[in-house]
Amino acid sequence: MVRQLKVVFIIFLILLLSPSLLPADLIVIKNGDRFFGKIQNKHFALDSTNGQNVLQNDFLKSISFDANNPGHATFISINNDRFSGSVLNEEFDIVLENGEQKSIRKSNVERLRIDTQGPSYKIITGIFTLENNDKFSGKLLNPEFKVNADYMLKLIKSDAINRIEFLHGEPNDVKILLSNGNLIRGNLHDEEFEVLPEVIGRLTLGKQGLRSIQLNAPKMVLKEFHSL
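Residues numbered from 1 in each chain as written. Predicted model: local features only at pLDDT ≥ 70, side-chain atom pairs only at ≥ 80, totals over all residues. Heavy atoms only, no water.

Colleague: Explain the overall build of the protein chain to me, and be specific about the residues and the numbers.
Modeller: Scanning the protein chain from terminus to terminus reveals 1 helix and 20 strands. Out of the 228 residues in the protein chain, the part that is buried amounts to 39%. For the protein chain, long-range pairs separated by at least 24 residues make up 57% of all intrachain contacts whose partners lie at least 6 apart in sequence. Working note: accessible area of the protein chain is about 12900 Å², and carbon and sulfur atoms make up 53% of it. (Helix = DSSP H or I, 4+ residues; strand = E, 2+ residues; numbered from the N terminus. Buried < 20%, exposed > 50% of the residue type's maximum accessible area, 1.4 Å probe, protein only. Contact = heavy atoms within 4.5 Å. Areas by Shrake-Rupley, 256 points an atom, 1.4 Å probe, with all protein chains shown as cover.)

Colleague: Tell me about the nonpolar core, and name the residues and values.
Modeller: Of all hydrophobic cores here, the largest spans 48 residues; its most connected members are Ile 63 and Phe 193. Setting aside residues no more than four positions away along its own chain, Phe 193 makes contact with Leu 140, Asn 142, Phe 145, Phe 166, Leu 188, Leu 203, Thr 204, Leu 205, Lys 207, Leu 210 and Ile 213. (Core = buried A, V, L, I, M, F, W, Y, C linked by side-chain atoms within 4.5 Å.)

Colleague: Please give an account of the environment of Leu 112 that cites residues and values.
Modeller: Here Leu 112 lies in strand S10 (residues 109-113). Placed 20 residues apart in sequence, Leu 112 and Phe 92 show a C-alpha to C-alpha distance of 9.1 Å. The residues touching Leu 112, leaving out its near neighbours within four places in the chain, are Leu 26, Ile 27, Ile 39, Phe 44, Leu 60, Lys 61, Ser 62, Ile 63 and Phe 92.

Colleague: Summarise unusual backbone geometry; cite the residues concerned and give the values.
Modeller: The backbone of Asn 133 shows a phi angle near 80°, a positive value even though the residue is not glycine. Positionally, Asn 133 belongs in the loop between strand S11 (121-130) and strand S12 (135-140). Residue class for Asn 133 comes out partly exposed when judged on its relative accessible area of 47%.

Colleague: Let's hear about the packing of aromatic side chains: which residues, and what values?
Modeller: In the structure shown here, the tally under the stated rule is 7 aromatic pairs. Centre to centre, the rings of Phe 44 and Phe 92 are 6.1 Å apart; their planes meet at 25°, and the pair counts as stacked. Of this pair, Phe 44 sits in strand S3 (residues 43-48) while Phe 92 sits in strand S8 (residues 91-96), and the two are 48 residues apart along the sequence. Side by side, Phe 44 and Phe 92 carry an identical accessibility label, which is buried. Judged by centre distance (6.3 Å) and plane angle (70°), the ring pair of Phe 65 and Phe 92 falls under edge-to-face. Highlighted residues: Phe 65 in strand S5 (residues 60-65) and Phe 92 in strand S8, separated in sequence by 27 residues. (Phe/Tyr/Trp six-rings, centres within 6.5 Å; stacked < 30°, edge-to-face > 60°.)

Here is the structure:
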């Protein structure tokens, strides 16, 4: 019993003396210094190929800057969505664990992590995979699509689609798997897709920037932006 109490006490001391093991936000700068505390920025702005987007603090898990491309970073959301582009925030503000307030310029930051906790729950959603490897979940808002297939113009309802694969550079530029198991290969007339992601505002995606759309996919999430 005494030995067990000693073990518990040692673990408590390790947690007490090791900030990296405690729940806290983190900013790592390029010289290796690490700042633990509470990040004060309420919004994080990203300029991507799909326009400017804003991600709220509550929906962000991390930002990792590309050392070979100044200002360019990858945003990971609390739902494990991935968005990449140029960060528009010039500074990150943090209140350190000792109460000190600090502003760190974007040019000095290597990565940023926001502590996120809470139960997840299952939803049925769409999964959008882009050519630049961004990947996120959300709702497809287009009600239908026009496809030239088998020498005919076909009108396909979105709720009848299971998956769309984009075959860039081929005469028949899409492969569409329907919910009933039928496969359609043809040329898609529609050039834009209206999407409501789980963690940011509405997006318009160009056909050329998409790799695939998987509809009616199960996913575990912490929050949904459009449900708030």
